[in-house]
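Descriptive analysis of the structure
Each chain, written out:
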Amino acid sequence: MRIHDNLALNAFLQKSSFGIVIWCPTKSYEEANHFRKKFIDDNLESFSKNLFKLGHVLIKGTSHFSLELVEILKAQQIKSLFFTLEYAYDECFEEKVVSNLCENFGIEFISFDQGAMISIENLPFEIIELPFIFSDFRKKIELQININHTQNLAIDFELDVSLDGEAKALQRLREFIWETPSLANYKNTRNGLMNFNDSSKFSPWLSVGALSPRKIYEELKRYETEVQANESTYWLFFELLWRDYFKFLSKKFGNHFFTLAGLPGVKTIHHPVVLDLKLFQSWCNGETEEPFVNANMKELNNTGFMSNRGRQNVASFLVHQLHLPWTWGASYFEKQLIDYDPDVNWGNWLYFSGRGTDPRARLFNIKKQATDYDPLGEYQAKWNKI
Ligand SMILES: Cc1cc2nc3c(=O)[nH]c(=O)nc-3n(C[C@H](O)[C@H](O)[C@H](O)COP(=O)(O)OP(=O)(O)OC[C@H]3O[C@@H](n4cnc5c(N)ncnc54)[C@H](O)[C@@H]3O)c2cc1C
């Protein structure tokens, strides 16, 4: 949902002066809480206004896109379909169905790789050879970094600023990197729980495609050249690399990524899972015996956001202390998170459950974490009084 660095849009603008852009919700959109739904709807409306200014129309489809597409293909004289490449199993399946349909109707089908910072064709290995440990992946990437430049519109264009959309995403990028000292201090603040600038808050816009990861990388490099390069600037790159890693991992492992057993070949011994819905509900509601877990769950339930530190703790608690199925936690996050991303969410849950890559039991000492990251108890006091 963006005008900047949108390869599909640029390719299509070169071919045609009028186009229909179809946005199709996934099942998770239909089941999402109101924070995420509103965020997506606002971004969609803003994107629609921008496209309209360019002379194009946006249609909101349903999650049964392939069925709808048949009708659209019959009714309109469509010659080409431009598609953003996906990584997760269901989305890839839909992509296959749509590409087959296009073939049957004699329509050109062109997909663009623009969801991650690194394009798949620029990886120094085939997806099938993706290393099983993140640091091995990182080292290989860092040996020969190859990230495509962003590709912007050839014309001057003023973005819609009325709603939460691309203009707000780009404003946040400027604010975090250039207008505040946030990026320069990111390595020290990123685990903070209380202040907005402790971390970038790019994730909601990244999840809907309103912010290009390559644009972040480009601004980051410009800051390193023009101002300074330090551990913090490296760390933002490092986190974006984790995001890419989970996308590639999801592409490589398909449906395994979403199953209780996890990735094939992982031999860690696991505690048997407990199918206790009441216990699960207490975790969801923030009513466990751990105040730090409760505070984080209440922040999630009341805002749609939880810090990375919080997510790690509540995931570790659900899997390794309550022994509930990790998939329950991941599904709950899928409904609640404003920044829900299938690859990043399920990838992180897999990792914390010990059923993904680098399979170790990530059992956190929650009380120690609370003391380390909320030493004065301010965060817990804020959310636990709700
Ligand atoms: C159990 C669990 C579930 C998660 N589910 C999601 C999800 O659905 N969507 C999502 O965007 N992030 C998810 N994360 C990753 C991370 O918590 C969020 O990306 C981060 O908290 C968002 O805040 P930020 O943009 O301020 O992050 P920053 O700290 O500013 O990081 C910058 C960017 O790097 C990426 N990033 C940061 N941490 C991670 C990470 N651990 N894994 C992959 N990418 C990362 C994100 O794109 C983020 O926007 C999850 C983490 C855990 C432990």
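Residues numbered from 1 in each chain as written. Predicted model: local features only at pLDDT ≥ 70, side-chain atom pairs only at ≥ 80, totals over all residues.

**Digging into the site of the ligand**
- Contacts to the ligand come from 29 residues, most closely from Ser199, Ser200, Glu239, Asn345 and Asn348.
- Listed by contribution, the elements that provide at least two residues to the shell around the ligand are α9 (203-208), α11 (231-253), α14 (308-321) and α16 (342-353).
- A per-element tally of the shell around the ligand places α11 first, with six residues.
- Here the residues of the shell around the ligand are counted per class, giving 13 nonpolar, nine polar and seven charged.
- When residues of the shell around the ligand are assigned to domains, at least three map to each of domain 2 (134-253) and domain 3 (259-384). (Near = placed C-beta within 6 Å. Helix = DSSP H or I, 4+ residues; strand = E, 2+ residues; numbered from the N terminus. Nonpolar A, V, L, I, M, F, W, Y, C, P; charged D, E, K, R; others polar. Domains from an automatic or database assignment.)

**Topic: the pairing of strand β3 (residues 80-84)**
- By the bridge criterion, five bridges tie β3 to strand β4 (residues 108-112) in an arrangement that is parallel. Counterpart to Ser80 in the pairing with β4 is Glu108.
- A crossover connection joins β3 to the parallel β4 through helix α5 (residues 89-105); in handedness this β-α-β unit is right-handed. (Pairing = 2+ DSSP bridges. Right-handed = clockwise from strand over helix to strand, strands pointing away.)

**A look at the packing of helix α8 (residues 182-189) against α11**
- Two numbers describe how α8 lies on α11: the axes approach to 7 Å, and their chain directions differ by 75°. As judged from the angle between their axes, α8 and α11 are roughly perpendicular. For the pair α8 and α11, contact is made by Leu183, Ala184, Asn185, Tyr186 and Lys187 and by Glu231, Ser232, Thr233, Trp235 and Leu236, respectively.
- Taken together, the residues of the contact of α8 with α11 break down into five nonpolar, three polar and two charged. (Axes fitted to C-alpha atoms, helices over the stretch in contact; angles between N-to-C directions. Parallel < 35°, antiparallel > 145°, perpendicular 65-115°, else oblique. Contact = placed C-beta atoms within 7 Å.)

**Describing unusual backbone geometry**
- The phi angle at Asp5 is positive, at roughly 45°, despite the residue not being glycine.
- Within the secondary structure, Asp5 sits in the segment before α1 (7-15).
- In this structure Asp5 comes out as buried when scored by C-beta crowding, with 21 C-beta atoms within 10 Å.
- Notably, Lys201 is not glycine yet its phi reads approximately 60°, a positive angle.
- Following the sequence through the fold, Lys201 ends up in the loop between α8 and α9.
- A residue is classified by how many C-beta atoms lie within 10 Å of it, and Lys201, with 18 of them, is partly exposed. (Buried ≥ 20, exposed ≤ 12 C-beta atoms within 10 Å, placed from the backbone.)

**Things to note about the environment of Glu175**
- Take Glu175: it is sitting in helix α7 (residues 166-179).
- With 22 residues separating them along the chain, Glu175 and Asn197 place their C-alpha atoms 9.3 Å apart.

**Some points on α7**
- Its 14 residues give α7 an end-to-end C-alpha distance of 18 Å, which sits within 8% of 20 Å, the value for a rise of 1.5 Å per residue.
- Among the residues of α7, those classed as buried are Glu166, Lys168, Ala169, Leu173, Phe176 and Ile177. Buried residues of α7 fall within an arc of 165° about the axis and therefore sit on the same side. In this structure, α7 carries Arg174 and Glu179 as exposed residues pointing more than 90 degrees from its buried face.
- On its buried face, α7 is in contact with α3 (34-53), α8, α9 and α10 (213-226). (Expected span 1.5 Å × (residues − 1). Arc of directions from axis to C-beta.)

**Considering the domain arrangement of the protein**
- If you check the domain split of the protein, you get domain 1 (7-118), domain 2 (134-253) and domain 3 (259-384).
- Each of domain 2 and domain 3 has a C-alpha centre, and the two are 25 Å apart.
- Put simply, the parts of the chain that give the side of domain 2 that touches domain 3 at least two residues each are α9 and α11.

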